[in-house]
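# Secondary and tertiary structure notes
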Amino acid sequence: MTRQPAVRAALLALSLLAVGTAPWADATPRRGLMVYTSTKDVIIGQIRDAFMRKYPEIQLDYYSAGAGKIMAKLAIERHAGRIMADVLWTSEVPDFYQLKAEGLLEKYMSPEASAVISPVSDPDGYFTAARLSTIGICYDITRINNPPRTWEDLVKPEFRDAFGIADPAISGTSMLSVSMIVKNLGWDYIRKLRANGAKMGQGATQVVDDTAVGDLAACLAVDYIAINKILDGAPLGFVYLDKIMVIPSPVAILKGTPNSKAAKAFVDFLLSREGQTIVAGGYTLPSRRDVPVARGVGLIPAEEAVKRAMSLDYIKLRSEKEEIIDRFTAIMTGR
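So, here is what we can say about the structure in this document. (Residues numbered from 1 in each chain as written. Predicted model: local features only at pLDDT ≥ 70, side-chain atom pairs only at ≥ 80, totals over all residues. Heavy atoms only, no water.)

## Quick word on the pairing of strand 8 (residues 218-222)
We apply this condition: The cut-offs for exposure are 20% and 50% of the maximum accessible area for each residue type, with area from a 1.4 Å probe on protein chains only; residues under the lower value are buried, those over the upper are exposed, and the others partly exposed. In this text, helices come from DSSP runs of H or I with a minimum length of four residues, and strands from runs of E with a minimum of two, each type numbered from the N-terminal end. Strand pairing is assigned whenever DSSP identifies at least 2 bridges connecting the two strands.
In terms of burial, strand 8 is a largely internal element, five of the five residues being buried. A two-sided burial pattern is seen for strand 8, the buried positions comprising A218, L220 and V222 on one face and C219 and A221 on the other. Where strand 5 (residues 128-140) and strand 8 come together, five bridges link them in antiparallel fashion. From the neighbouring strand, I135 faces strand 8, where its bridge partner is V222. Here strand 6 (residues 163-166) runs beside strand 8; their pairing, made up of two bridges, is parallel. Residue pairing across strands places G164 opposite C219, the latter belonging to strand 8.

Shown next, in the form of structure tokens:
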């Protein structure tokens, strides 16, 4: 099966990370701080502005892209002997375990980390959850009178031929979502969805768009994507099922950075109440238990989400995700 671009990028990243070059060979000190992140621009832009108001002596820049592209960029930079990033912040948890194993992360336990709640944490202090992305069900309110409450509801007749899941080979969030379904509900559940006519869509945003225009009755949806669509006036609803998908978005300092002090200040700010309030304003969950979520849009407190979260062994997933993607694709396409 031909790999999709995001998968190829991830494979390239992992292969290049095995190259035995020093992380910052030939690097020269920089006054600025560079953050590589998959977080949407509206959030990271506000965090940059607030951080620089607090630390005007630090010039903060960021590179925002999908996690697969970021990993490929890091790997190429490492191979060239000059990594340009000081801080990494994405939602691809397996990548952080990989980078930790490769010795590319700096150990740092922020004093703000004691307030963080997450289904995944690193006791060694190499990365800390800075956001909790949740996956719920986005549905067409003109077609669905009774929104689903359990996973079994999705195989009922009202969702026949009209439920969508983003392609896990394109969307990293979908890859983790599918993995959680498989590990918590089993492959038989995937087959039941397909037997009911479930469809594999494109990216995480596209399946929400397809639901908004009526091509789908419902889909798996990332919290902020669905909520922003609803706030824009789309005839959609957003609900969580009994078991919730909670995907941590860790932040880590890359080992050997010449800007260690500034990097630690950024991590502290991101995990602080001020930083997490900005995260919450983006219609996703903050990782601090003492920061409230945005009200009136269907979100639940981080602590409740973590209690109801599906489990996933991210370390084991590093070696299983390609098989899961291929098997899911085969079932959904009938190959």
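Now that the structure has been shown, we can carry on.
## Looking at the packing of aromatic side chains
What counts here: Aromatic contacts are taken between Phe, Tyr and Trp rings whose centres are within 6.5 Å, Trp giving its six-membered ring; a plane angle under 30 degrees counts as stacked, one over 60 as edge-to-face, and the others as tilted.
Applying the stated criterion across every chain, the model contains eight aromatic pairs. For the ring pair Y97 and F127, a centre distance of 5.2 Å and an interplane angle of 85° mean the geometry is edge-to-face. Of this pair, Y97 sits in helix 4 (residues 93-101) while F127 is found in the loop between strand 4 (105-106) and strand 5, placing the two residues 30 residues apart along the sequence. Residues Y97 and F127 agree in their burial class; the two are buried. With a centroid separation of 5.2 Å and an interplanar angle of 75°, the aromatic rings of F238 and Y240 are classed as edge-to-face. The same class applies to F238 and to Y240, which are both buried.

## Considering the pattern of salt bridges
The following threshold applies: For this document, the term salt bridge refers to a Lys or Arg side-chain nitrogen within 4 Å of an Asp or Glu carboxyl oxygen.
In total, this model carries 15 salt bridges according to the counting rule given. Of the charged contacts in the structure, one is a salt bridge between K73 and E77, with a shortest N-O distance of 3.3 Å. A residue pair is termed a helical-turn pair when its members lie 3 or 4 positions apart in one helix, as K73 and E77 do in helix 3 (residues 67-80) at four residues. Classification of K73 by relative accessible area gives partly exposed; the value is 28%. The class for E77 is buried, based on a relative accessible area of 10%.

## Let's talk about empty space enclosed by the protein
Put simply, the test is: Lining residues are defined by having an atom within 4 Å of a point belonging to a cavity or pocket. Those points lie on a 1 Å grid over the protein atoms alone, cavities being sets where a 1.4 Å probe fits but cannot get out and pockets being open sets with protein on both sides within 12 Å along at least five of seven lines. Grid points are joined across faces, edges and corners, and a volume is the space filled by probe spheres set on the points. Three residue categories are used. Nonpolar comprises Ala, Val, Leu, Ile, Met, Phe, Trp, Tyr, Cys and Pro, charged comprises Asp, Glu, Lys and Arg, and polar comprises the others, including Gly.
The tally for this structure, following the rule as stated, stands at three cavities of 30 Å³ or more. Here the largest cavity is characterised by a volume of approximately 70 Å³. Contributing to the lining of the largest cavity are I135, I165, A166, S171, T173, S174, S177, A204, L220, A221 and V222. For the lining of the largest cavity, the elements supplying multiple residues, two or more each, are strand 6, helix 5 (172-185) and strand 8. Residues of the lining of the largest cavity, tallied by class, amount to seven nonpolar, four polar and no charged. Its boundaries defined by the atoms lining it, the second largest cavity holds a volume of some 60 Å³. For the second largest cavity, the full set of lining residues is E106, Y108, G125, Y126, F127, T128, V251, A252, I253 and V267. With three residues, strand 10 (residues 245-254) is the single largest residue contributor to the lining of the second largest cavity.

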